[in-house]
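# Coordinate analysis (summary)
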Amino acid sequence: MTPVLFIVQICLMMSLRTALLRLALISLSVILGAFGTEWSVKYNQQEICALKGSTVFMNGTFTHPEGLTVTETFWTTDPVPGVEPTDLSKEPVYSGRVEFFTDEQKHFSLKLSDVMEKDEHQFCFRIKTNRGKQRWVGKPGVQLSVTELHVEAPEEVTEGETADLTCKTTCSLTDPTFIWSKNGRPLTTKAIENNQLHLQPVSSEDAGSYSCAVRGSQHLRSTAHSLRVRYSPKSVSVSISPSGEIVEGSSVTLTCSSDGNPPVKIYTWFKGSTPVGAGKTYNIPNIRSEDSGGYACQSRNEHGERRSTAVYLNVLYPPKNVSVSISPSGEIVEGSSVTLTCSSDGNPPVKIYTWFKEGGSSPVGSGLRYSPRQSGSYYCEARNELGARNATIDTVYSEIWARSATTEAALNGSACQEDVYANVSPSRPEENSKAESSPVKTSVCTAAVEGEVKEESLEDEAQYSSVGFHRFSPSDRYNDGTVDHPSAISTAK
């Protein structure tokens, strides 16, 4: 390169630098104005995250060159160079939703209500003065992001596990305090940390619909999230149908109810510790007294099983198994006391006993025990609240038949006859002459009686125990109080 060209190049570079410096000075003079004060717009926040439906405020301060008078201020969005910005308050989409504020201290603010997703723009403050070309737009402005709340959580958990529910946003809210609700009611007893709700451990009661919100905007809740909890059966109970007293012969249905997730489908019925059936219901048709007892149902699902508290079936029935016993047993001596005792089974327990002597229409006694004063055929009737219809069927007869020893002695000219022989027959007294029996030696003085009573309870016909007494025993049949062959003994007196 020649020295001349080099000098020319240096001159050109210096001229370009001078031109740039002049341009910068011109720009600075526009900014500073006639008296050197610069334009400025300062925003308190340059990024705002707002909840959909909420109200936001954008604030700041501004300055302008001295010697200018501000004639108009307003807010605009996304200004484009070379295009005059539009006043937001005059745009239909913001009509009724924006308010502008300024004061003498050059503070300004924008109030934007009912924030929408389409409000996500850059909001800038615009200043106009009395000199047409002296105007300013505060760029960059305030970037508005709009979010909704939503709950992030598992759909289903198992009782005993841990579950964390998170209140999520698409942008960062400014110092939010999150609050949680379950089924529309605020939660105050659960562990809340930042934007998370901790359920530890999870119980079946934690199942429900959860939502979150930010304090100060509680009305702007998230969409509800349903949390399901799997758990083994609980609250297992048994109901009885029909309710009330259970009478023998009726039909009874037991129904098992339980709470479980998944729902219980396997039911097992127990009487005591013995399995007796399966299914949600257990039916006992034509219930009997033997069916009385404690019944429980066991519910099972894939997470476990639980048994209900037993319910007791108390089956009511009329008297049955009625019988009569004689005391004392063995020899009965004149002047001694004979007691007949009536026994029976009934529910409710039998409390009414009535004694009759065969052949008579009127009762001869009442109560559990009766002491007869004459020989004869006696029976007791047991009755409870349900026994009226079965009283005749359940009647048991006990007979004591005896010939007066005194009469025998008078006929034979003897004051006392000690040896009397008794033929015992399971038939009525009038049939004794035809029935074979076994003589038994005993001692009777005056009106002594020895009798053995045979007791039975039959539904269709009563049975009698007859005792016949004899003065003599055939000498070739009786030996030392024993009978060689009872069938060979005559029943003749």
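Residues numbered from 1 in each chain as written. Predicted model: local features only at pLDDT ≥ 70, side-chain atom pairs only at ≥ 80, totals over all residues. Heavy atoms only, no water.

### Examining the sheet that holds strand 5 (residues 98-102)
Strand order in the open sheet formed by four strands is 1-3-6-5, and the pairing between neighbours is antiparallel. Each end of this open sheet is capped by a strand with a single partner; those strands are strand 1 (40-43) and strand 5. On average, each strand axis in the sheet is tilted by 20 degrees relative to the strand beside it, whichever way the strands run. As paired strands, strand 5 and strand 6 (residues 107-112) are joined by five bridges and run antiparallel to one another. Bridge pairing in strand 6 links valine 98 to leucine 112. (Pairing = 2+ DSSP bridges. Helix = DSSP H or I, 4+ residues; strand = E, 2+ residues; numbered from the N terminus. Axes fitted to C-alpha atoms, helices over the stretch in contact; angles between N-to-C directions.)

### Overview of the nonpolar core
Core analysis: the biggest nonpolar cluster contains 25 residues, and Tyr43, Met58, Trp75, Leu112, Phe123, Phe125 and Leu144 have the highest contact counts within it. Elements supplying a minimum of two residues to this core: strand 1, strand 2 (47-51), strand 3 (56-63), strand 6, strand 7 (122-129) and strand 9 (142-147). Top element by residues in this core is strand 7. It accounts for four residues. Beyond its immediate sequence surroundings of up to four residues, phenylalanine 125 is in contact with Val41, Tyr43, Phe62, Thr73, Phe74, Trp75, Thr102, Phe108, Trp136, Val137 and Gly138. Counting residues in each nonpolar core, the second largest holds 24 residues, with Val157, Ala163, Trp180 and Cys212 among its members. (Core = buried A, V, L, I, M, F, W, Y, C linked by side-chain atoms within 4.5 Å. Buried < 20%, exposed > 50% of the residue type's maximum accessible area, 1.4 Å probe, protein only. Contact = heavy atoms within 4.5 Å.)

### A look at unusual backbone geometry
With omega at -5 degrees, the peptide bond leading from lysine 139 into proline 140 counts as cis. Tracing the sequence through the fold places proline 140 in the loop between strand 8 (135-137) and strand 9. Even without being a glycine, lysine 106 presents a positive backbone phi close to 60 degrees. By secondary structure assignment, the location of lysine 106 is in the loop between strand 5 and strand 6. In this structure, asparagine 194 is a non-glycine residue whose phi angle is positive, near 55 degrees. Inspection of the secondary structure puts asparagine 194 in the loop between strand 15 (191-193) and strand 16 (196-199). What makes asparagine 194 exposed here is its relative accessible area of 64%.

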